[in-house]
Amino acid sequence: MIKAHKIYKSFQSGAVQVLKGVSLEIADGDFAVILGASGSGKSTLMSVLSGLERPDSGTVVFGNQDITAMNDKQLTEFRRDKVGFIFQQYYLLSHLSVENNVKLGADLAGNKNFREIIEQVGLKGKFKSKPSELSGGEQQRVCIARALAKNPEILFLDEPTGALDEKTGREVLDYISRLKSERGFTMIMVTHNENIAQMANTVIRMNSGEITEVYKNNSPKTAFEIGW
Amino acid sequence: MVVSLKDSIKLLGIIVISFCAVFVCTFFLNFYLDALEIENLVTEQTRAMYEAQLATAEFTCAISGSVLAAIAIVMLVFYIKLYIDSHLKQIGILKAIGYSNGKIAARFWVFGIGVFIGATLGFASGYAAMPMIYKSLLIDGLPQIEIGFHLVLPLVLIVAPTAVFSAISCGYAYFALRRPVSSMLRGQVRFKPEKQKSKTATKNKEHSFLFVMCFKTLGGKKSLAFFVAFACFSYSAMVQMGCSMKRLSTGFMGIMILIIGVVLAVVSLFMALTSLIKANAKNIAIMRAFGYKMKECALAMLFCYVPFALIGFSIGTVYQFVLLSLMVNIVYKDVASVPDYSFSVPVFFITLASFLILYTAAMAIYTYKMSKISVKEVMAEN
Ligand SMILES: Nc1ncnc2c1ncn2[C@@H]1O[C@H](COP(=O)(O)OP(=O)(O)OP(=O)(O)O)[C@@H](O)[C@H]1O
Ligand SMILES: [Mg+2]
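Residues numbered from 1 in each chain as written. Chains lettered and ligands numbered in written order. Predicted model: local features only at pLDDT ≥ 70, side-chain atom pairs only at ≥ 80, totals over all residues. Heavy atoms only, no water.

### Quick look at the sheet that holds strand 10 (residues 210–216) of chain A
Residues and elements named next belong to chain A. Across the sheet, which stays open at both edges, the 6 strands sit in the order 6-7-8-3-9-10 with mixed pairing between neighbours. Edge positions in the open sheet fall to strand 6 (83–86) and strand 10, since each of these has one partner strand only. Direction aside, neighbouring strands of the sheet carry axes that sit 15° apart on average. Sheet topology places strand 3 (residues 31–36) next to strand 8 (residues 186–191); 5 bridges connect them, and they run parallel. Across the sheet, the residue bridging to phenylalanine 31 is methionine 187, located in strand 8. Together, strand 6 and strand 7 (154–158) form the strand contacts of helix 5 (residues 136–148), whose direction differs from that of strand 6 by roughly 180°. (Pairing = 2+ DSSP bridges. Helix = DSSP H or I, 4+ residues; strand = E, 2+ residues; numbered from the N terminus. Axes fitted to C-alpha atoms, helices over the stretch in contact; angles between N-to-C directions. Contact = heavy atoms within 4.5 Å.)

### Some thoughts on the packing of aromatic side chains
Residues and elements named next belong to chain B. Taken as a whole, this structure holds 28 aromatic pairs over all chains when the rule is applied. Aromatic side chains phenylalanine 27 and phenylalanine 28 sit 5.0 Å apart centroid to centroid with 50° between the ring planes, which places their arrangement in the tilted category. Taken as a pair, phenylalanine 27 and phenylalanine 28 share a single burial class, namely buried. One aromatic cluster in this structure is built from Tyr235, Phe313, Phe321, Phe343, Phe348, Phe349, Phe355 and Tyr359. (Phe/Tyr/Trp six-rings, centres within 6.5 Å; stacked < 30°, edge-to-face > 60°. Buried < 20%, exposed > 50% of the residue type's maximum accessible area, 1.4 Å probe, protein only.)

### Quick look at the pairing of strand 7 of chain A
Residue and element names in this part refer to chain A. Of all the 5 residues making up strand 7, 5 are buried; the element is thus mostly covered by neighbouring parts of the structure. Across the two faces of strand 7 the burial is the same, with Ile154, Phe156 and Asp158 and Leu155 and Leu157 all buried. When strand 6 meets strand 7, the two strands line up parallel, connected through 4 bridges. In the sheet register, glycine 84 faces strand 7, and the bridge partner there is leucine 155. Sheet analysis places strand 7 next to strand 8, joined by 5 bridges and oriented parallel. By the bridge assignment, aspartate 158 is partnered in strand 8 with valine 190.

### So, the state of the cysteines
Counted by the stated rule, this structure contains 0 disulfides over all chains. Unpaired in terms of disulfides, B:Cys61 finds its nearest cysteine sulfur in B:Cys25, a separation of 4.3 Å. (Disulfide = S-S within 2.5 Å.)

### A look at unusual backbone geometry
Residues and elements named next belong to chain A. Look at tyrosine 90: it is not a glycine, yet its phi comes out positive at around 70°. Of note, tyrosine 90 is situated in the loop between strand 6 and helix 3 (98–106). Even without glycine at this site, glutamate 159 takes up a positive phi of about 50°. Tracing the backbone shows glutamate 159 in the loop between strand 7 and helix 6 (166–183).

### Points about the domain arrangement of chain B
All names here are of chain B. Assigned domains within chain B: domain 1 (1–191) and domain 2 (198–377). Each of domain 1 and domain 2 has a C-alpha centre, and the two are 22 Å apart. With 28 residues of domain 1 at the contact, the number on the domain 2 side is 26 residues. Applying the counting criterion to the domain 1 and domain 2 interface returns 0 salt bridges. (Domains from an automatic or database assignment. Salt bridge = Lys/Arg side-chain N within 4 Å of Asp/Glu carboxyl O.)

### What about the confidence of the model for chain B?
Residues and elements named next belong to chain B. Mean pLDDT for chain B: 84, with 92% of residues reaching 70 or above. Here helix 9 (residues 199–204) stands out as the element of chain B with the lowest mean pLDDT, 49, in contrast to helix 7 (residues 152–177), whose mean of 93 is the highest. Scored below 50 in pLDDT, residues 197–202 makes 2 contacts in the model with residues more than four places away or belonging to other chains. Across the interface, the model reports ipTM at 0.85; the global pTM reads 0.79. (pLDDT = per-residue confidence, 0-100.)

### A few points about the site of ligand 1
All names here are of chain A. Ligand 1 sits among 13 residues. The nearest are Ser38, Gly39, Lys42, Ser43 and Thr44. A distance of 2.7 Å separates an oxygen atom of ligand 1 from a polar side-chain atom of serine 43. Residue threonine 44 places a side-chain N or O atom 2.5 Å away from an oxygen atom belonging to ligand 1. Across the complex, the protein chains shield 68% of the 630 Å² of accessible surface that ligand 1 would expose by itself. For the shell around ligand 1, the element with the most residues is helix 1 (residues 42–49), which contributes 3 residues. Partitioned by chemical class, the residues of the shell around ligand 1 number 3 nonpolar, 8 polar and 2 charged. (Near = heavy atom within 4 Å. Polar contact = N/O pair within 3.5 Å; in protein donor to acceptor, adjacent residues only side chain to side chain. Areas by Shrake-Rupley, 256 points an atom, 1.4 Å probe, with all protein chains shown as cover. Nonpolar A, V, L, I, M, F, W, Y, C, P; charged D, E, K, R; others polar.)

### Section: the side chain of A:Arg146
Within the secondary structure layout, A:Arg146 lies in helix 5. For the buried A:Arg146, which has no salt bridge, the nearest side chain bearing the opposite charge is A:Asp158, at an N-O separation of 12 Å. A polar contact of 3.1 Å, which involves the side chain of A:Arg146, links it to the backbone oxygen of A:Tyr90. When near neighbours in sequence (up to four residues on either side) are disregarded, A:Arg146 contacts A:Phe87, A:Tyr90, A:Tyr91, A:Leu92, A:Leu93, A:Asn101, A:Val102, A:Leu104, A:Gly105, B:Ile286 and B:Phe290. (Lys, Arg positive; Asp, Glu negative; His and termini not counted.)

Here you go:
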């Protein structure tokens, strides 16, 4: 369970208030989607929840660990053991092959079967390719493989389908949600796409740094059932 | 504007190296030219010392001038490559909207300005230091040599290097820009296809990610290994030489060599490591986001350069020994007042110890710098 309590976060020493007292709860194994307009603070909230950044005030409790009280070393360990990321801009290591990019995640979990994951995301013949030799969708799939190879307890996704066309987008979402039901990790996804919210158990809507709506979805759809 | 003046001034390494080279060459060449004018006053007793000093001046200018110029050229080319690699998209856009390679490359002349600044400062400092140098080179039985001004020196030491370095910058940039626009826009750094290694060789052993990262970081930035080695070389060679010179001849020259050595070493190491961290900021940020510890990131980035540091240090030790032996046994062989030279073991160990301390400190500082990279900020840059 992730519990955020009254999170405040500003930039430029208080000049830009981005999060204004955000509180939320996400249960273990949940699939939560955060919806909101551009600039509403979704990415900032995600980096606070995942221990990439500290809030100005407020707490984030993960299970029974208060990650806002951790020092840098403990936070690093927390991310190492629990968290996986899929970023909108890929952030692959450009001088390393697909295989080695995925190894970045796999090594942290001692995962030797990471090549299977690369095959499962549909990059079978691309083990030795460099990111610049791949299409946008293929690069995003490398990111997904890298995050999953780490066996995270909780997976953060920032606009994972932003750069993908409909067909690839659906396939990627389907693959991630199938893996989620197999392994039972928690998923928190940021998106602009209202349709994707229909796949989630919990939908959180944000507007200029505040949560305006939270609702449960009792009959989530699959990636091929939603509109696009 | 592709390249700004600021980019040129950021080439601190080139400024410092041109400063050192021109500084040394200014007073030695000036001394050489002035000394030629009193040749008719040289007597039997003073001839050996007089000729040895002229030879030293020639020798030092030739060695420091050529070595430092070569280093500066390598550094310049490296920087331009780094600059182009890190501005691929912007330059790609310029090319896409119709700027020719030549037009873009011509802008790179500003990289010569760093040389101009360093050379001018070096020339001025060389002149300022001249009274002291001339005094320390004073020979018993000969009159004090007057300091003269030779117009040829600023031409050779300031104007020519600036022109040559600007030309090299444009030429290299032109060469480096000749690649497909599409690959530049995609941020494809390497444009030659990599040689595929035989499948069996790669299948055999599974290396850990940190090992691969270490190895590939080194492979992608070979020139940095060169600068690290050069930094350690100049520290080792010049500190040991400075100490030995102090015993052999004048203290002033020894201290000067020592200072130049330390400055060159610190600047090249600083440059190499700063550009390493800059070029890898995003990679480090991602490793940190995934939960790699600071120590592991530092290991992957910095550890592979240790062998090069040690190689540089060893070569520097041998180099200064050979150079001093040659000086004492050949150039100063007829001068009675110069004592014999032998390799000093205590100086070696003191240099080694101080070197290890400095190197470890540099590693610690850069590990700390890496820990200050804000993961979110690096990622927000895109
Ligand atoms: N490091 C920073 N310094 C200053 N302002 C920042 C910083 N990071 C974010 N902001 C500001 O905070 C606000 C929210 O940013 P955030 O990235 O969280 O938005 P978002 O909801 O993810 O938007 P998008 O959907 O466009 O990705 C923006 O107005 C942005 O300008
Ligand atoms: Mg965002």
